[in-house]
Amino acid sequence: MTAGRVEPDGVAAVPARPVVRVGAPTERRNPLSVDLDLMSTRDVLTVINEADRRVPAAVAAVLDEIATTVDLAVAALRGGHRVHYFGAGTSGRLGVLDAAELAPTFNSPRHWFCSHLAGGPDAMWRAVEDAEDDHGGGAAAAADCVGAGDLVVGLAASGRTPYVLGALAASGAQGASTVLLCANPEAEAASAVDVFIGVDTGPEVVTGSTRMKAGTAQKLVLNTFSTAVMVRLGRVYSNLMIDMVATNAKLRGRMISILVEATGCAEEVCRLALHEADGDLKTALVSLVSGAEVSAARAALDRSAHQVRGAIALLAT
C-alpha cells in the first residue's frame, strides 16, 4: 500500500485524487427546482415535466447540424464505411441503445453502427470508475477500429468528457468525419470537430443529473439522426418499416399489415405474396405494387440497390 502524506498529528492522509469542476450549463443549479425536496410528489412531477417540455424546442434549434450529420452518415455507409458512437455514462448507454435497435427495426447490417462505451460492456450496468476520464483509452479505442471515410459521433453531455474527446481526436487523425453531440452550446471542443451539435437544455432539475434533460435531448437527436439515415438509405417506404426483421408473432403480423397498407390488397393476397417471396417483405411489396412476378421483383431490387421505389420504376419501364 502506498502511504499518503502524514499530517502534523501523525495521521496518514488519503492521497488526493484528480478533481475537475465542470462549468457546463448542465452543472448549474436550476432556480425552478431549488425547493424540490420540500415539494409534494405531484409538484415534483410537475417541475420535471415542465423542464422536459424545453427539450424538443432545443433539439429543433439544431436540426441543420443534425441534417449535415445525416448526410455524412449516408455518404459513409454508401461508401462501405461505418458510423461509430463513442460515449460515457448515460450518453454512451444511449449510443449503445440506438445502435442496438437499428438492426431489428431496419434490418441494417450490424457493422453499420458501432457503439463504444467508456469502461466496456460492464459500464452498461454499473459505473466504471474513472473510465470517462481516460483520454488515451478513447484514442486507443478509436485508433483500433475507426477508418478513413467513417463517421464518428462523440456523445458527451458536458462536451468535455476526456474519453470522448480522445476518440474524436484519434478518429479525425484516421481520416474520419467527426461530430460532437452534447448539451453544452459553450463547449470548447466545438472547434475541434467537423460538426458540432450543442443542444441548449439548460440546468437540470436535479443539478448535474444529465440522465434527465440532457439525456432526453441526446435520445431525441439519436432517434432523429439514425431514423433519417435509414429513410435516406431506402429502408422506409412511405412511412412504413419495410426492412424490419420479423422475429415474433407480433412482427409477422405487422408485415402483413404493412403490405395491406402499402398496396391496398386484401390480407389473403398479401399473405400469399409474402409466402411466395420467402418472407421477404420488400420483394413481396414490389411484386404487389408493380404486378410483376416475385422473381422479377427480386431482380429489380438487386438492380436498384434494394430501393423499393427504384425497383418499381424499373419494372414500370
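The rules behind the values
- Residues numbered from 1 in each chain as written.
- Predicted model: local features only at pLDDT ≥ 70, side-chain atom pairs only at ≥ 80, totals over all residues.
- Heavy atoms only, no water.
- Helix = DSSP H or I, 4+ residues; strand = E, 2+ residues; numbered from the N terminus.
- Buried < 20%, exposed > 50% of the residue type's maximum accessible area, 1.4 Å probe, protein only.
- Contact = heavy atoms within 4.5 Å.
- 1 Å grid on protein atoms, 1.4 Å probe; cavity = no way out; pocket = protein on both sides within 12 Å on 5 of 7 lines; lining within 4 Å.
- Points joined across faces, edges and corners; volume = space filled by probe spheres on them.
- Nonpolar A, V, L, I, M, F, W, Y, C, P; charged D, E, K, R; others polar.
- Core = buried A, V, L, I, M, F, W, Y, C linked by side-chain atoms within 4.5 Å.
- Axes fitted to C-alpha atoms, helices over the stretch in contact; angles between N-to-C directions.
- Parallel < 35°, antiparallel > 145°, perpendicular 65-115°, else oblique.
- Left-handed = near helix turned anticlockwise from the far one by under 90°.
- Polar contact = N/O pair within 3.5 Å; in protein donor to acceptor, adjacent residues only side chain to side chain.
- Pairing = 2+ DSSP bridges.
- Disulfide = S-S within 2.5 Å.

(A) Expanded view of the overall build of the chain. A count of helices and strands for the chain gives 12 helices and seven strands. For the chain, the spread of C-alpha atoms along the principal axes amounts to about 90 × 50 × 35 Å. Residue burial in the chain is summarised as follows: out of 317 residues, 43% are buried. Within the chain, residue pairs in contact and separated by at least 24 positions form 65% of the contacts whose partners lie at least 6 positions apart.

(B) How the structure looks around empty space enclosed by the protein. Taken as a whole and assessed by the stated rule, the structure comprises one cavity of 30 Å³ or more. Estimated volume of the largest cavity: approximately 50 Å³. Ile66, Thr69, Val153, Val179, Leu181, Ile197, Val221, Leu222 and Phe225 are the residues that line the largest cavity. If you list the elements that add at least two residues to the lining of the largest cavity, you get helix H3 (63-78), strand S4 (177-182) and helix H7 (213-232). Ranked by residue count, the leading element in the lining of the largest cavity is H7, at three residues. Split into classes, the residues belonging to the lining of the largest cavity amount to eight nonpolar, one polar and no charged.

(C) Representation of the nonpolar core in the model. Counting residues in hydrophobic clusters, the biggest one holds 33 residues, and the most contacted among them are Tyr85, Phe113, Val199, Phe225 and Val229. Counting residues per element, the ones that place at least two in this core are helix H2 (54-60), H3, strand S1 (83-87), helix H4 (89-106), strand S3 (151-155), S4, strand S5 (195-198) and H7. If you tally residues by element for this core, the top one is H7, at six residues. For tyrosine 85, the residues in contact, after removing those within four places along its chain, are Gly95, Asp98, Ala99, Phe113, Cys114, Ser115, His116, Val153, Leu155, Leu222, Phe225 and Ser226. Residues Ala273, Leu274, Ala277 and Leu285 belong to the second largest nonpolar core, which totals 25 residues.

(D) Here's a closer look at the packing of helix H5 (residues 135-145) against helix H6 (residues 162-173). Where H5 contacts H6, the axes come no closer than 6 Å and their chain directions differ by 40°. One way to sum up the angle between H5 and H6 is to call them oblique. For the element pair H5 and H6, the recorded crossing hand is right-handed. Residues His135, Gly137, Gly138, Ala139, Ala141, Ala142 and Ala143 of H5 pack against Pro162, Tyr163, Leu165, Gly166, Ala167, Ala170 and Ser171 of H6.

(E) Up close: the side chain of serine 226. Here serine 226 is to be found in helix H7. Accessibility expressed as a relative area gives 2% for serine 226, which makes it buried. In terms of polar contacts, serine 226 uses its side chain to reach the backbone carbonyl oxygen of leucine 222, at 2.8 Å.

(F) Spatial organisation of the environment of proline 56. The residue proline 56 is located in helix H2 in this model. A residue is classified by how much of its surface remains accessible, and proline 56, at 47% relative accessible area, is partly exposed. Once the C-alpha coordinates of proline 56 and threonine 201 are considered, the two residues, 145 residues apart in sequence, prove to be 9.3 Å apart.

(G) A look at the sheet that holds strand S2 (residues 113-117). Taken together, five strands build an open sheet; the order of strands is S2-S1-S3-S4-S5 and the sheet is parallel. Edge positions in the open sheet fall to S2 and S5, since each of these has one partner strand only. The average angle at which neighbouring strand axes cross in this sheet is 15°, direction not considered. Sheet topology places S1 next to S3; five bridges connect them, and they run parallel. The residue bridging histidine 84 from the neighbouring strand is valine 152, located in S3. Across the sheet, H4 is in contact with S1, S2 and S3; its angle to S2 comes to roughly 155°.

(H) Representation of the state of the cysteines in the model. According to the stated counting rule, one finds zero disulfides in the structure shown. For cysteine 265, which is in no disulfide, the shortest distance to another cysteine sulfur is to cysteine 270 and amounts to 5.1 Å. For cysteine 270, a relative accessible area of 0% puts it in the buried group.

(I) Just the packing of H3 against H7, in detail. Taken N-terminus to C-terminus, the directions of H3 and H7 make an angle of 45°; their axes are 9 Å apart at the nearest point. By the criterion of interaxial angle, the relationship of H3 to H7 is oblique. The two elements H3 and H7 meet at a crossing, and its hand is right-handed. Seen from H3, the contacting residues are Ile66, Thr69, Val70, Ala73, Val74, Leu77 and Arg78; seen from H7, they are Val221, Thr224, Phe225, Ala228, Val229 and Arg232.

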